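Chain residues, written in single-letter form:
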Amino acid sequence: MGEPLYRIILNELLAEIHAGRLKTGDRLPTESDLEQRYGVSRITAGRALRELQQLGLAERVRGSGSFVSSPPDPAGAMGTGMSATPTNQPRFIATIFPQIERNGIPEILTGIEAACGEAGLLATFHNSRNLLATEAALIRQAVDSGCAGLVLYPCFSPLGNATLYSSLALRGFPLVMIDRSIDFLGLPLFACDNEASMAMLCRHVIGRGHRRIAFLCNSIETISSEQERFRGYGRALVEAGIPLDPDLVWRTAPGIGLDTGQTLPSWPERLLQAGLALDQLLALPDPPSCVMAVNDVLAMSLQKAALARGLAIPGDLAVTGFDNSDAVDHIDVPLTTVAQPFRQIGREAVELIARGLCQIDAGTKRGASQAGLDGTPSVSGGRRIMGELVLRQSV
């Protein structure tokens, strides 16, 4: 399903404001102008302008049209959050996850909480349940409640709440992403260096003598972290002179993220999918000797399916994961995997926000700009952190 037409118009107007081509006080295109420019109905054009007004970036003057408005008072709803909390109240950082039970989340929370404590900040944690509407409501609630910054692990959707994210960035609100990138917005991101880490793991597998290496994932089309790991897998193969065979790439949920609220399969569903993937891969004329799963959950599902079919691991089939979750050292064949720096990701995300807040408090603009429509977020930076290769008995 394509992006709604009103949102396309809205995003282009936001881009014009962001780039400074539309400045405070400038007259916005009329509904008639937008209708002709985009070939849409008057209703669609009107909705785009109303959405811009709801974001506080436009003001309608009766008889004159709509104009770009001044940034709202930081203490107001959806403001910068830098002054919204009363001075006698502690500042807090809000963190929103798509599924609070996902692997690695407890360690991320530990890192966030520790960094908040050291910076004199409180931490609140929220679960969007991978629902875009819930995520948007949680963001607005946190900002309206005066949070000093937001750490966001976004929903699966590749576009999702991009309008809301970009409007916060335009206002100078401290917003930092973790794990999944929204590349076209240029927001700070803290994540594992998925590409380099998967390439490291694939080189190890190749070094163990494997040439037919399969890649098992949820969706390399819609989940940015899985796209990055796939690039690392492909890069290592090519470096070793091994052609990438599309028949060895298996997706269990290729459309995930395209439907609002779609979640990853349950454990029984994963076992069924892993069995199907394994049967299809082993039925190839030249089957793989190793399957590299995009995460530990998929790897454990595949291992269980392989053992149920009487295969020996790693004798008949080697299996690798990614994450180093708590369970992988205690399954039938302990899993070779990559340990993600979850705790460090959470800690550094908060430290970036905390540094920005300190610079604002000190009245400087080094590393933190004024809130407003200058297109510069109040925090900048981010880092991709290398994972650690953990060798066990599955390869």
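Preceding this section is the structure that the text describes.
Because the structure is a prediction, the values reported are computed rather than measured. (Residues numbered from 1 in each chain as written. Predicted model: local features only at pLDDT ≥ 70, side-chain atom pairs only at ≥ 80, totals over all residues. Heavy atoms only, no water.)

Novice: In this structure, what is going on with the sheet that holds strand β5 (residues 149-152)? I would like to understand it.
Specialist: By way of backbone hydrogen bonds, the strands of a sheet pair with one another, either parallel or antiparallel. Taken in spatial order, the six strands of this open sheet run β4-β3-β5-β6-β7-β13, and their pairing is parallel. Unpaired on one side and paired on the other, β4 (122-127) and β13 (382-385) mark the two borders of the sheet. Within this sheet the neighbouring strands show an average axis-to-axis angle of 15°, counted without direction. With three bridges connecting them, β5 and strand β6 (residues 175-178) associate as parallel partners. Across the sheet, the residue bridging to V151 is V176, located in β6. Where helix α4 (residues 105-118) meets the sheet, it contacts β3 (92-97), β4, β5 and β6, and its direction lies at approximately 170° from that of β3. (Pairing = 2+ DSSP bridges. Helix = DSSP H or I, 4+ residues; strand = E, 2+ residues; numbered from the N terminus. Axes fitted to C-alpha atoms, helices over the stretch in contact; angles between N-to-C directions. Contact = heavy atoms within 4.5 Å.)

Novice: Explain the sheet that holds strand β11 (residues 318-320) to me, please; I cannot follow it from the model alone.
Specialist: An order of β9-β8-β10-β11 is seen for the four strands of this open sheet, with the pairing classed as parallel. Where the open sheet ends on each side, the last strands, each with one partner, are β9 (249-251) and β11. Along the sheet, successive strands turn relative to each other by an average axial angle of 20°, direction set aside. Inspection of the sheet shows strand β10 (residues 290-293) paired to β11 by three bridges, in the parallel sense. Among the inter-strand pairings, C290 is bridged to a residue of β11, identified as A318. Sitting on the sheet, helix α7 (residues 194-207) is in contact with β8 (213-217), β10 and β11, with an inclination near 170° to β10. Set on the sheet, helix α8 (residues 224-239) makes contact with β8, β9 and β10; between it and β8 the angle comes to about 175°.

Novice: Would you explain the nonpolar core in this entry?
Specialist: Across soluble globular proteins, you tend to see nonpolar side chains buried next to one another. Counting residues in hydrophobic clusters, the biggest one holds 45 residues, and the most contacted among them are C202, I213, F215, Y233 and M292. Only α7, β8, α8, α9 (267-282), β10, α10 (296-308) and β11 provide two or more residues apiece to this core. Discounting chain neighbours no more than four positions away, the residues touching Y233 are M198, C202, I213, A214, F215, L244, L248 and M292. C116, Y153, A349 and L352 belong to the second largest nonpolar core, which has 24 residues in total. (Core = buried A, V, L, I, M, F, W, Y, C linked by side-chain atoms within 4.5 Å. Buried < 20%, exposed > 50% of the residue type's maximum accessible area, 1.4 Å probe, protein only.)

Novice: Any chance you could explain the side chain of Q303 here in plain terms?
Specialist: Tracing the sequence through the fold places Q303 in helix α10. Leaving out residues up to four positions away in the same chain, Q303 has contacts with I313, I331, D332, V333 and L335.

Novice: Would you take a moment to explain the pairing of β10 for this structure?
Specialist: Regular strands have side chains that alternate between both faces of the sheet. Burial along β10 is two-sided: C290 and M292 and V291 and A293, pointing in opposite directions, are all buried. The pairing of β8 with β10 spans four bridges and is classified as parallel. Opposite I213, over in β10, you have C290 as the bridge partner. In terms of handedness, the path from β10 via α10 over to β11 forms a crossover that is right-handed. (Right-handed = clockwise from strand over helix to strand, strands pointing away.)

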